[in-house]
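The lines below spell out each chain.
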Amino acid sequence: MPNILVTNDDGIEAPGLRALVAALEGLGTVYVVAPHRERSAAAQSITIHEPIFFQSTGEREWAVQGTPADAVILALNRLLPEPPALVLSGINYGANLGENVYYSGTVAAAQEGAINGIPSCALSLAARRKGADFTAAAEFSRRLAAVALEEGLPQGVLLSANIPQDWNGGVRFTRQSKKITRNVLREDVDPRGRPFVWLCEQKAIDEVEPDTDYAAVSAGCVSITPLELDRTHSTSLNHLSHWAARLARV
Ligand code: MN
């Protein structure tokens, strides 16, 4: 059986990770290497100014006192006996849609896998109501894992899947939408008189472009967006390259 690395950004005890591990039963040998506490919105940050402690928490399972990217780096370079055939990150409690993928630790962990040349998928539950039910997302994740193990993925590409809590069974391949939320700053003063803001967000998009991740999830379908590591914008590379002559020191 192939080795599968499971990680997340909600922490090693998160129900979404446990639901994913249970769903993968019989599909591969699962290794869990994940942050010991929630590190949502850590993006792909890594820890370089302090040690990264880690401890075994079960058979083929380690909790890492670091970020999601730290966990993947430890898994690939220290903890797993060989590179896994697949990296799965999630199942995150909450959607990772639009430009929010840039803040997501869930997506970043999969991206760390892709950077290391391993087929990698981020899995997120788009939950509308309070209290998460990972049943549908876990079922879908197993299907996706099976296909990804069989077919592989192109080099430099990872998949970001968002599964609606009330999945209607449909699956759409989509492109990344614009940022679907906007920042809201709640201001207050702490008991010592120091002012602070608390970053919150609210929905910002009403008009949804039809072929996007957000549209698919809104329609009750799973959205799968292939994300590319190489973020070079080719059109600008061509159109702006004449700036070089103006910018060069001669
Ligand atoms: Mn999270």
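All values derive from a computational prediction rather than experimental measurement. (Residues numbered from 1 in each chain as written. Predicted model: local features only at pLDDT ≥ 70, side-chain atom pairs only at ≥ 80, totals over all residues. Heavy atoms only, no water.)

(A) A look at the environment of Thr-225. With respect to the secondary-structure elements, Thr-225 resides in strand E11 (residues 222–228). Sequence spacing of Thr-225 and Ser-141 is 84 residues, and the spatial spacing of their C-alpha atoms is 14 Å. (Helix = DSSP H or I, 4+ residues; strand = E, 2+ residues; numbered from the N terminus.)

(B) Looking closely at the coordination of the manganese ion. Around the manganese ion, the protein contributes the donor atoms Asp-9 (OD), Asp-10 (OD), Ser-40 (OG) and Asn-92 (OD1), at 2.1 to 2.2 Å from the metal centre. Taken in chain order, the donor set of the manganese ion reads D-D-x29-S-x51-N. With a gap of 52 residues between them, Ser-40 in the loop between strand E2 (29–35) and strand E3 (54–58) and Asn-92 in strand E5 (residues 86–93) connect regions that are remote in the sequence. Overall, Ser-40 belongs to the partly exposed group, its relative accessible area being 33%. Given the relative accessible area of 6%, Asn-92 is considered buried. (Donors = N, O, S within 2.8 Å, 3.2 Å for Na, K, Ca; no water. Buried < 20%, exposed > 50% of the residue type's maximum accessible area, 1.4 Å probe, protein only.)

(C) Just unusual backbone geometry, in detail. Cis geometry marks the peptide bond from Gly-90 to Ile-91; its omega dihedral reads 0°. Along the polypeptide, Ile-91 turns up in strand E5. The backbone phi angle of Arg-60 is positive, close to 55°, even though this residue is not glycine. The topology assignment puts Arg-60 in the loop between E3 and strand E4 (61–64). Judged by its relative accessible area of 33%, Arg-60 is partly exposed.

(D) Here's a closer look at the sheet that holds E3. Overall, mixed pairing links the nine strands, which are arranged E3-E4-E2-E1-E5-E6-E7-E11-E8 in an open sheet. The outermost strands of the open sheet, each flanked by one partner alone, are E3 and strand E8 (171–173). Each adjacent strand pair in this sheet contributes to an overall mean axis angle of 25°, direction not counted. Relative to E4, E2 runs parallel, the two being bridged by four bridges. Among the inter-strand pairings, Pro-35 is bridged to a residue of E4, identified as Val-64. Against the sheet, helix H1 (residues 15–23) contacts strand E1 (3–7), E2, E4, E5 and strand E6 (120–126), and its axis sits at roughly 135° relative to E5. (Pairing = 2+ DSSP bridges. Axes fitted to C-alpha atoms, helices over the stretch in contact; angles between N-to-C directions. Contact = heavy atoms within 4.5 Å.)

(E) Quick look at the packing of helix H2 (residues 68–79) against helix H3 (residues 105–115). At a minimum axis distance of 8 Å, the contact between H2 and H3 shows a crossing angle of 30°. Relative to H3, the element H2 is oriented roughly parallel. In this structure, H2 crosses over H3, and the sense of that crossing is right-handed. Counting all contacts with H2, which are made through Pro-68, Ala-69, Val-72 and Ile-73, the residues of H3 involved are Gly-105, Ala-109, Glu-112 and Gly-113. Taken together, the residues of the contact of H2 with H3 sort by class into five nonpolar, two polar and one charged. (Parallel < 35°, antiparallel > 145°, perpendicular 65-115°, else oblique. Left-handed = near helix turned anticlockwise from the far one by under 90°. Nonpolar A, V, L, I, M, F, W, Y, C, P; charged D, E, K, R; others polar.)

(F) Broad picture of the environment of Ala-34. Checked against the element boundaries, Ala-34 lands in strand E2. In the structure, Ala-34 is positioned 28 residues away from Trp-62 in sequence and 6.7 Å away in space, judged by C-alpha atoms. Apart from residues lying up to four places away in sequence, Ala-34 is in contact with Thr-7, Asn-8, Ile-12, Leu-17, Trp-62, Ala-63, Val-64 and Ala-71.

(G) Representation of helix H4 (residues 135–151) within the structure. With 17 residues, H4 extends 25 Å between its outermost C-alpha atoms, agreeing within 8% with the 24 Å of an ideal straight helix rising 1.5 Å per residue. Listed as buried for H4 are Ala-136, Ala-137, Ala-138, Phe-140, Ser-141, Leu-144, Ala-145 and Ala-148. Among the structural elements, H1, E5, E6, strand E7 (157–164), E8 and E11 are those in contact with the buried residues of H4. (Expected span 1.5 Å × (residues − 1).)

That's the geometry; what it means functionally is another story.
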